[in-house]
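One letter stands for each residue in the lines below.
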Amino acid sequence: MTDETRDAQWSKWMALAQDGDGAAYQSLLAAVLPLLRAIVGKRINDPDKGEDVVQDILLSLHRNRHTYDPKLPFRPWISTIAERRTMDALRKIYRQGAHEVLVDEYPETFLSDETNTLLEDDLVFASGDALRRAMETLPAGQRTAVELLKLREMSLKQASEVSGMSVAALKVAMHRALKHLRGEMAPKAER
Amino acid sequence: MNNSTENLIAALSQDLPPVKRLASPGRRLVGWMAVALPVSLVMGALVERQSMALAFERLSDARSVLELAAILLTALTAGYAALCGAQPGRAKHVWMLPILPFGAWLALIGESCFRLFEQIGPEQFSFAPHWTCYPSVVATGAAPALVMVILIRRGMLTSPTETVALSVLAASALGAVGLRLFHAPDATALVLLWQLLATVTFLALSSLISVYLNNRSATA
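Residues numbered from 1 in each chain as written. Chains lettered and ligands numbered in written order. Predicted model: local features only at pLDDT ≥ 70, side-chain atom pairs only at ≥ 80, totals over all residues.

J.: Would you mind going over the overall build of chain A with me for this structure?
T.: Across its full length, chain A carries eight helices and zero strands. If you list the helices and strands of chain A from N to C, you get α-α-α-α-α-α-α-α. (Helix = DSSP H or I, 4+ residues; strand = E, 2+ residues; numbered from the N terminus.)

J.: What should I look at first to understand the domain arrangement of chain A in this one?
T.: Split by domain assignment, chain A resolves into domain 1 (3-99) and domain 2 (119-190). Computed over C-alpha atoms, the centres of domain 1 of chain A and domain 2 of chain A are 26 Å apart. (Domains from an automatic or database assignment.)

J.: Please clarify how helix α4 (residues 74-99) of chain A should be interpreted in this entry.
T.: Given 3.6 residues per turn, any residue in an α-helix points the same way as the ones three and four places further on. End to end, α4 of chain A covers 38 Å across 26 residues, agreeing with the expected 38 Å (1.5 Å per residue, within 8%). What α4 of chain A keeps buried is the set F74, W77, I78, I81, A82, R85, T86, D88 and A89 of chain A. (Expected span 1.5 Å × (residues − 1). Buried ≥ 20, exposed ≤ 12 C-beta atoms within 10 Å, placed from the backbone.)

J.: Is there a simple way to explain the interface of chain A and chain B in this structure?
T.: For an interface, size is often stated in terms of accessible area lost upon the parts coming together. The interface is formed by 34 residues belonging to chain A together with 29 residues belonging to chain B. Of all the secondary-structure elements, those providing two or more residues to the side of chain A that touches chain B are α1 (3-18), α2 (22-41), α3 (47-63), α4 and α7 (156-163) of chain A. For the side of chain A that touches chain B, the element with the highest residue contribution is α4 of chain A, accounting for nine residues. Partitioning the side of chain A that touches chain B into residue classes produces twelve nonpolar, 13 polar and nine charged. (Contact = placed C-beta atoms within 7 Å. Nonpolar A, V, L, I, M, F, W, Y, C, P; charged D, E, K, R; others polar.)

J.: Explain the nonpolar core here, please?
T.: One recurring pattern in soluble globular proteins is that nonpolar side chains are buried together. Residue and element names in this part refer to chain B. Residues A78, A82, M148, L169, A170, A173 and L174 are the most contacted members of the largest nonpolar core, which totals 43 residues. For this core, the secondary structure elements donating two or more residues are α2 (25-48), α4 (62-85), α5 (99-124), α6 (134-154) and α7 (160-182). Per-element tally for this core: the top contributor is α7, with 14 residues. Excluding its chain neighbours within four sequence positions, the residues that come into contact with A170 are A75, A78, G79, A82 and M148. (Core = buried A, V, L, I, M, F, W, Y, C linked by C-beta atoms within 7 Å.)

J.: Hey, could you run me through helix α8 (residues 167-185) of chain A in this one?
T.: Residues and elements named next belong to chain A. With 19 residues, α8 extends 26 Å between its outermost C-alpha atoms, agreeing within 8% with the 27 Å of an ideal straight helix rising 1.5 Å per residue. Those residues of α8 not exposed but buried are L170, A173, M174 and A177. Along the axis of α8, the buried positions cluster into a sector of 105°, meaning they face one direction only. Seen from the buried face of α8, the exposed residues on the opposite side, beyond 90 degrees, are A168, H175, K179, R182 and G183. Against α6 (140-151) and α7 lie the buried residues of α8. (Arc of directions from axis to C-beta.)

J.: I would appreciate a short explanation of unusual backbone geometry in the present structure.
T.: Among all residues save glycine, negative phi is the norm, and among peptide bonds the norm is trans. Phi at E153 of chain A takes a positive value of approximately 55°, unusual for a residue other than glycine. Looking at the secondary structure, you find E153 of chain A in the loop between α6 and α7.

Listed below in C-alpha cells is the structure:
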C-alpha cells in the first residue's frame, strides 16, 4: 500500500469515527500504532515509557478527534499531535529525572526486621506483577476506571468522556476496584 | 501489541459517540469578526460617549482609512493564523501572514509620531501613558479577546506560544479599530503607540504564561 492510499484509508476511517463508527475507529487506532511508536521511539528509548507516551497520544487523539478536517491529509494531523505529546512527555521525564535519585536498596524505615524485608507476598507494591495480576481479576468497568483515573492520571471529567461512563459510575467503580485490589493484594496473614 | 494499549483502544472504540467537527479557520474567523467587532465598536462608542459622527468623520479621512485598513488586515491575518494554530496538521507558514499588515500599521504609527514630534517639539512631546485611555482600550479589546479564547479552546493547542501570541495580536488589533473610530483625541500617535506597546507587552506576557502553562501541563 502506498503512502497516499494508506493516508486516504486512515482519513476515511477517521471521518467515519467522527460520525460514531467504533469499528472504523478501532481499525484506525490499531493501524496508526506503528507510526506513533516510530515517532515516540525517535526520542524516548525506554520501551515502557515509550508505550505510556503512545497511550497518552491515543487519549489525546481521542479527545481532539473533532479537530480533524477530512478534507486535509490525515498524517500531518496525527503526527503533529504525536510530536507534541512526545515533547510533553520528554519534559516530564527530564523534570522528574532532576528530582529523583535511583537507589539499589530501599533505605531502612523502621528498626524491626519485618518492615525491611522485601517479600512479594508480604509487601503490596514490592512487585509490579502482583498489581498486574490483581488488576486482571477486576471486572471490565472497574479496570477501565483504574486505568484511566490512576494509571493515566485523568480527571473524572476526562475519564468520563473517554470511557462513556458517568462521573458517578466512575467514582463507584473506582471505589469498588480499590476495595477489590486491597483484598487481592493484602498480606496473606490478613486475609 | 501491548495488552494495555490493546485494552485502551478497545475502551476508546466502544460506544463511540459522534462528534461535531471543528469548522475551518476561515469560517471561525468570520464568526469571530461577526460577533466581536460589533460588540467592540458599541463598547468603544459607549465608553467614549461618542455618536457615529466622529466615526464618519474619521472614515472620510484617507489617512485614517489607510490606518484602519492596516489594523483590520492585521486582525484578520493574525486571527486566521491563530485559529490555524489551534488545529493540528495545518501548515505553519500562515504564521507569517500578519507580518506585512502589522509592519504597515507600525510604520504608520511611527510616521504619525514623527510628524507630531516635529509639530509640537520635544518639550511637549511625551511618551507618558494616558491612563484615561485605558478604559477604552479595555472596553474595545475585551470582546475580541474573549471570543478568540473561546474559539481557541474549542481546538487543540499544539504550538501554544505562537498561537497565544497571534491571538493576542489579533484581539488587540480588532480592539484598536473601535479605538481608532471613537476615541475623541486623535488616536493616531500617542494613544495608538501605547496600545501598540500594550500589545507587545501582552504578547511577551502571554508567551511567558503560555510557556509556564505548557510546562505545568507537561508535569501534571
